[in-house]
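# Chains, contacts and geometry: an overview
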Amino acid sequence: MFRQTKSVLQKLQYLSFNGQQHTWRLKSTSARERALQYQPGQKIHGFTVKEVVAVPDLFLTAVKLTHNKTGAQYLHAARDDSNNLFSVQFRTTPMDSTGVPHILEHTVLCGSEKYPCRDPFFKMLNRSLSTFMNAFTASDYTMYPFSTQNGKDFQNLLSVYLDAVFFPCLREQDFWQEGWRLENEDPTDPNSPLMYKGVVFNEMKGAFSDNERLYAQHLQNKLYPDHTYSVVSGGEPLAIPDLTWEQLKQFHATHYHPSNARFFTYGDLPLEPHLKQIQEEALSKFDRIDPKTEVPSQPRWTSPKEDHVTCSPDPLAPDPNKQNTVCVSYLLGDITDAFEGLTLSLLSSLMISGPNSPFYKSLIEPKLGTDFSSVVGYDGSTKEASFSIGLQGVDEEDIERVKQIISQTIDKIIENGFEERRIEALIHKLEIQIKHQTTNFGLSLASYIASSWNHDGDPVELLRISDSVAKFRQALKENPRFLQEKVRQYFKENTHRLTLSMSPEESYLEKQAKAEEEKLQKKIDVLSDSDRKQIYEEGLELLAAQSQTQDVSCLPALKVSDIEPTIPITPVQISTAGGVPVQYCEQPTNGLVYFRALCNLNTLPEDLRVFVPLFCSVITKMGCGALDYRQQAQQMELRTGGMSVSTQVITDCNELDTYEQGVLLSSSCLERNLPHMFQLWSDIFNSPHFDDEERLRVLVMQSAQELANGIAYSGHLYAMTRAGRHLTPAGDLQETFGGMEQVTFMKRTAAMADLSQIIRTLPRIKIHLFNPDNMRCAINSTPEKVSDAAAHLEGFIKDVAKNRKERKPVRPNIIEKPINPLDDNGPRRKLISEPTFHPCPMKTFFQMPFPVNFVSESIRAVPFSHKDYASLCILARMMTAKFLHGEIREKGGAYGGGAKTGGGLFTFYSYRDPNTVQTLSAFGNGIEWAKSGKFTQQDIDEAKLSVFSAVDSPVAPADKGMGQFLSGVTDEMKQSHRQRLFAVDHKNLVDVAERYLSAGQKTCGVVILGPENDVIKKDPSWIIK
Ligand SMILES: [Zn+2]
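As the structure is a prediction and not an experimental result, all values here were calculated from the model.

## Remarks on the overall build of the chain
Scanning the chain from terminus to terminus reveals 36 helices and 31 strands. Computed over the C-alpha atoms, the radius of gyration of the chain is 28 Å, within 12% of the 31 Å expected from 2.2 N^0.38 for a compact globule of 1025 residues. C-alpha extents for the chain along the principal axes are approximately 80 × 75 × 70 Å. Burial statistics for the chain: of 1025 residues in total, 61% are counted as buried. Here the analysis covers contacts within the chain between residues at least 6 apart in sequence; of these, 81% occur between residues at least 24 apart. Of the roughly 39100 Å² of accessible surface on the chain, 50% is carried by carbon and sulfur atoms.

Structure follows, in structure tokens:
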């Protein structure tokens, strides 16, 4: 994977894992207490303890060590969390754009001395109960993290990871497969044209089809033009074919050495066994070297610079004439100064976050652009940090104006400073972030310290956030102009700044394709007949190697018997408040209260459904009650951990044609702020502001831009959603809410000169949604605060009672189900049933300006509680690992692909795929493979492990009980599903493949997003969009 800081951080938030509260209550000595007993100077398994520090805010003890023989650095964070994490990172500082660190990241995972089978990394996904396994290439380091809750699994994975990074095979064939190669288009036909293939080659072509990504890359390369940041560490597609296998091996020898490594472990497992294993299996075999990988400081410019780049036009851009991006980027100080880093990132939030910030007021509100530029704010991922500010979606004529405003705004900030309440709100936000328990805490820590530590900053200092916050408060107290002076120093007087604009160029893609073609032709022109013959033979060899069944017995593995037979029960209580059903779940939430409400849409006229996502995205941002939108944003920051509304489509767990539709309200707050949080919700229910057309336009443009930008990155999700559209009623609604249909709807809305129709529509939606008659609520809090929360919730329901109104559902078939399936007389939820729904097959092609495709095929299957569902889950996983991965990624050269179940559908997909119809054939062949039964018990067991590692992935205290609240899936139902998963056997798998997936049996939707395609154009069975 190639890492882009912003998107990875966003992704981290979606991962969900479990904080292990149960263990620490039972243990007499906690992991963090035990770790406090280490002494500086103590020698353990070849390491010396350097420092032991308690970090009470984060509930951990940090132990810093150095490896005596090699100088490798080590940090252990002892914390009572069973989701243990390991990561090793190397400083990788390429000096060209061949993508050498990225291709190396891929190839070391293709087999090692002790584990010589092909692709042990992917194989381990199925032999482990890992909660996370991945590898990232950043601009200046490469990181290999994994996490698991099982101690034996930790040892297994550690062994595989250590061997992979320190003793990889780096076979020439691995380099061809993962990096680049010349090969016949059809490897079995020596007369078919030669072309470039390779996983990273295609991955990077896909990455640079994303204009935001492209802009970010240019900006970094040009702001730091003198060393490693001036090149593309992930690989410039046209430069990738300059890399040789020899260069790859050389880069490994100099960079993947313990003297250039930083190890990080986290969790409740003891430190010593980790050290012992790392010493014995890896470090003891090395001597110290001087890796010479330091990044020098960027020489400062004496005057600012300007530059310009081009990109491909975006057909989904809200306004085709406004597709320019312009931003100013400033080089700041060294990131190893932890306090300065925190100060600058807080300063950055004050300058750009939310409608009260100066840059939001000066840049976003005048609507000179659709949104901030993709790169915005403080970025500490390079040795010296940067700050960027600018806009995307700008008219060419307005570019100068944007530049002027940026400089005027900086002057204004220096003059006026920031309101005290905004600084308070920001520090409050930090407090909530620290208290909020996430389940991937180890991984977040690893990412948080990675950059600074990479340049020899002190990771422990970075963890002591409260110390830095106190220092920040002190600095403000001593000098009220503290922040203004920083702005003067880093922005006003900084001559190392770059203004970079990017504009669309009609022939951009054509030019790119031509450049690739020329480069290819040059390579081909010098080939002799024997070279061609060799290429053909090597292609066949690779194909043969990829098709070979492998002996993976060298790899360690957990057994199905290592999986917990039962799940722990999460107790919830269901009662009512003011007639509204409420679910209470007591959890160690660390002083936070989490509130959710689901409001169903059953009475909403159907022509308004397409407006619901827009309603959700603006309803907490337009002002309410006595507060205008700025004051509302201020209150939300000061009093809550955020308030949001999102659409929900929930397929029933028993019936495929039954579903629940609604919007989900979510918010959290510190216990002391309960009354304030509910007051805000009351105001939103009772008197939301919808009239401010200017404000609405800003929000509409931002949403439309965000949707248009997301497709290049998440095209597979759009393809999958669309493929399911005509298969179930829920699938149809999903497409309306979050598919291509919604993208085009928002594009149309953003282009409207007059938004008064929308302004008239929003209150109509509100009447149907914010009706206590259609609502149920959930509270997660500590046991001590439940009754307090209940009282405030009751008050809220009373406050909004006047919105209560009995209305007729628009669909005739409403089914009521008890919220607690074991209590038939308790409160109920209302689902829509469409017994006459007819699924219909359809093939749709969306032509997009990408050089790669996203392919999906979705098949109507069975709901969660059906007896065959478990078999289909195991089958999807097994097909992915044992068949589709080889066909779509290894042979096909796509970045990824596989099959999954969910929403009653069995869905195939590929990601950043050079192929289209070939991939559809691969899906079909996968089904044939399953029907033929050519898989072993070992394959089935591996698929089970993999499915269970997802089923058992930890759940944060904030999210406990949510499955039952939203879908009515109780722990008992989960346990039955679990038993069915354990019981799946060979016969079941062949049987479900035949009954559900066979050509004659299935109803399926097929969707491809991709560049112009002649084969599909000529085939009348396709609908072309
Ligand atoms: Zn990659």
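On we go from here.
## Description of the packing of aromatic side chains
Under the defined criterion, the tally for this structure stands at 42 aromatic pairs. Measuring from ring centre to ring centre gives 5.7 Å for Phe-167 and Phe-286, while their planes differ by 25°; the resulting arrangement is stacked. Taken together, the residues span a long stretch of sequence, with Phe-167 in the loop between helix H6 (151–166) and helix H7 (172–178) and Phe-286 in the loop between helix H11 (271–281) and strand E12 (305–311) at a distance of 119 residues. The class for Phe-167 is buried, based on a relative accessible area of 13%.

## Here we look at the side chain of Asn-494
Looking at where Asn-494 falls in the secondary structure, it is placed in the loop between helix H19 (482–492) and strand E17 (497–504). Here the side chain of Asn-494 touches Leu-331 through a polar contact of 2.8 Å, landing on its backbone oxygen. A distance of 2.8 Å separates a polar side-chain atom of Asn-494 from the backbone nitrogen of His-496.

## A word on the environment of Ser-667
Looking at the element boundaries, Ser-667 is found in strand E22 (residues 658–670). Spatially, the C-alpha atom of Ser-667 lies 32 Å from that of Leu-368, the residues being 299 residues apart in sequence. Aside from chain neighbours lying at most four places away, what touches Ser-667 is Val-593, Tyr-594, Phe-595, Gly-642, Met-643, Met-677 and Trp-681. A polar contact of 2.9 Å, which involves the side chain of Ser-667, links it to the side chain of Trp-681.

## Considerations on H6
The end-to-end C-alpha distance of H6 is 22 Å, a good match for the 22 Å that 16 residues give at a rise of 1.5 Å each. For H6, a buried count of 13 out of 16 residues is recorded, marking the element as mostly surrounded by other parts of the structure. Of the residues that open H6, the one with a side-chain oxygen 3.0 Å from the backbone nitrogen of Lys-152 is Asn-150.

## Things to note about the pairing of strand E19 (residues 580–586)
A large share of E19 lies buried, amounting to six of its seven residues. Looking at chain direction, strand E18 (residues 573–577) and E19 are connected through five bridges and run antiparallel. In the strand pairing of E19, Thr-576 is matched with Pro-581. The pairing of E19 with strand E23 (residues 775–781) spans five bridges and is parallel. Pairing of Gln-583 across the sheet is with Ala-778, part of E23.

## A word on the pattern of salt bridges
Taken as a whole, this structure holds 58 salt bridges when the rule is applied. A salt bridge links Glu-178 to Arg-889, with the nearest nitrogen and oxygen atoms 3.5 Å apart. With Glu-178 in helix H7 and Arg-889 in helix H30 (residues 869–891), the pair connects residues that are 711 residues apart, well separated along the chain. Judged by its relative accessible area of 9%, Arg-889 falls in the buried class. Between Asp-868 and Arg-995 there is a salt bridge, with the nearest N and O atoms lying 3.0 Å from each other. A residue pair is termed long-range when its members are at least 10 positions apart, and Asp-868 in the loop between strand E27 (853–860) and H30 and Arg-995 in helix H35 (residues 986–997) qualify at 127 residues.

## Overview of the sheet that holds E27
Taken together, six strands build an open sheet; the order of strands is E28-E29-E27-E30-E26-E31 and the sheet is mixed. Two strands bound the open sheet, and with one partner strand each, they are strand E28 (896–902) and strand E31 (1023–1024). Pairing of strand E26 (residues 842–847) with strand E30 (residues 1004–1010) involves six bridges; the strand directions are parallel. Within E30, the position partnered with Met-842 by the bridge is Gly-1005. Across the sheet, H30 touches E28 and strand E29 (905–913), and the angle it forms with E28 is around 175°.

## A few points about the environment of Ser-444
By the secondary structure assignment, Ser-444 is in helix H16 (residues 441–454). Residue classification places Ser-444 among the partly exposed residues on the basis of a relative accessible area of 26%. Separated by 435 residues in sequence, Ser-444 and Met-879 have C-alpha atoms that sit 31 Å apart.

## Quick look at empty space enclosed by the protein
Taken as a whole and judged by the stated rule, the model has seven cavities of 30 Å³ or more. In this structure, the largest cavity encloses a volume near 350 Å³. Forming the boundary of the largest cavity are 26 residues, of which Asn-211, Glu-212, Asp-314, Gln-705 and Asn-709 lie nearest the centre. Listed by contribution, the elements that provide at least two residues to the lining of the largest cavity are helix H9 (211–223), strand E16 (384–394) and helix H25 (693–723). For the lining of the largest cavity, the class distribution of residues is twelve nonpolar, ten polar and four charged. Roughly 50 Å³ of volume is contained in the second largest cavity. Among the secondary structure elements, those contributing two or more residues to the lining of the second largest cavity are H25, E26 and E30.

## So, unusual backbone geometry
Phi at Lys-292 is positive, roughly 50°, even though this residue is not glycine. Structurally, Lys-292 can be placed in the loop between H11 and E12. Judged by relative accessible area, Lys-292 falls into the exposed class, the value being 64%. Within the chain, Lys-367 stands out as a residue other than glycine whose phi angle is a positive 60°.

## Concerning the environment of Leu-945
Structurally, the position occupied by Leu-945 is in helix H32 (residues 937–951). In sequence terms Leu-945 and Phe-982 are 37 residues apart; their C-alpha atoms lie 9.8 Å from each other. When sequence neighbours within four positions are dropped, the list of residues in contact with Leu-945 reads Asn-126, Arg-127, Ser-128, Leu-129, Leu-558, Lys-559 and Ile-563.

## What about the side chain of Thr-70?
Following the sequence through the fold, Thr-70 ends up in the loop between strand E3 (60–67) and strand E4 (73–78). Look at Thr-70 and you get buried, because its relative accessible area is 1%. Only 2.8 Å separates the side chain of Thr-70 from the side chain of His-67, close enough to count as a polar contact. Polar side-chain contacts of Thr-70 include one of 3.2 Å to the backbone nitrogen of Ala-72. Discounting residues that sit within four places of it in the chain, Thr-70 has contacts with Pro-258, Ser-259, Leu-283, Phe-286, Asp-287 and Arg-288.

## Regarding the confidence of the model for the chain
Put simply, the chain has an average pLDDT of 92, and 97% of its residues get 70 or more. Note on residues 1–28: pLDDT under 50 across the span, and 73 contacts to partners over four residues away in sequence or across chains.

## Examining the nonpolar core
Met-351, Phe-359, Phe-491, Phe-595, Trp-681, Leu-793 and Phe-796 are the most contacted members of the largest nonpolar core, which totals 113 residues. With eight residues, the top contributor of residues to this core is helix H12 (residues 338–352). Not counting chain neighbours up to four residues away, the residues in contact with Phe-359 comprise Met-351, Ile-352, Ile-364, Phe-372, Ile-389, Ile-406, Thr-409, Ile-410 and Ile-413. Of all hydrophobic cores here, the second largest spans 87 residues; its members include Ile-103, Val-108, Val-200 and Cys-311.

## Points about the pairing of E22
Judged by how many residues are buried, E22 sits mostly within the fold: 13 of 13 residues are covered. Burial along E22 is two-sided: the residues Thr-658, Glu-660, Gly-662, Leu-664, Ser-666, Ser-668 and Leu-670 and Tyr-659, Gln-661, Val-663, Leu-665, Ser-667 and Cys-669 are all buried. Direction of pairing for strand E20 (residues 592–600) relative to E22: antiparallel, over a ladder of nine bridges. Within the sheet, the bridge partner assigned to Asn-600 lies in E22 and is Gly-662. Here nine bridges tie strand E21 (residues 643–651) to E22, and the two strands are oriented antiparallel to one another. Residue pairing across strands places Val-645 opposite Leu-665, the latter belonging to E22. With antiparallel pairing between neighbouring strands as the criterion, E21 and E22 make up a hairpin whose turn holds six residues. Of the strand pairs in this sheet, E22 and strand E25 (residues 828–833) are connected by two bridges, and their pairing is antiparallel. Across the sheet, residue Thr-658 finds its bridge partner in E25, namely Ser-833.

## Concerning the state of the cysteines
A covalent bond between the sulfur atoms of two cysteines is referred to as a disulfide. Under the counting rule described, the total for this entry stands at zero disulfides. Its sulfur unpaired, Cys-169 is 9.0 Å from the next cysteine sulfur, which belongs to Cys-117. Look at Cys-169 and you get partly exposed, because its relative accessible area is 29%. Free cysteine Cys-599: the closest other cysteine sulfur is in Cys-777, separated by 7.5 Å. Relative accessible area serves as the criterion here: at 0%, Cys-599 is assigned to the buried category.

What counts, and where the lines are drawn
- Residues numbered from 1 in each chain as written.
- Predicted model: local features only at pLDDT ≥ 70, side-chain atom pairs only at ≥ 80, totals over all residues.
- Heavy atoms only, no water.
- Helix = DSSP H or I, 4+ residues; strand = E, 2+ residues; numbered from the N terminus.
- Rg over C-alpha atoms; globule rule 2.2 N^0.38 Å.
- Buried < 20%, exposed > 50% of the residue type's maximum accessible area, 1.4 Å probe, protein only.
- Contact = heavy atoms within 4.5 Å.
- Areas by Shrake-Rupley, 256 points an atom, 1.4 Å probe, with all protein chains shown as cover.
- Phe/Tyr/Trp six-rings, centres within 6.5 Å; stacked < 30°, edge-to-face > 60°.
- Polar contact = N/O pair within 3.5 Å; in protein donor to acceptor, adjacent residues only side chain to side chain.
- Expected span 1.5 Å × (residues − 1).
- Pairing = 2+ DSSP bridges.
- Salt bridge = Lys/Arg side-chain N within 4 Å of Asp/Glu carboxyl O.
- Axes fitted to C-alpha atoms, helices over the stretch in contact; angles between N-to-C directions.
- 1 Å grid on protein atoms, 1.4 Å probe; cavity = no way out; pocket = protein on both sides within 12 Å on 5 of 7 lines; lining within 4 Å.
- Points joined across faces, edges and corners; volume = space filled by probe spheres on them.
- Nonpolar A, V, L, I, M, F, W, Y, C, P; charged D, E, K, R; others polar.
- pLDDT = per-residue confidence, 0-100.
- Core = buried A, V, L, I, M, F, W, Y, C linked by side-chain atoms within 4.5 Å.
- Disulfide = S-S within 2.5 Å.

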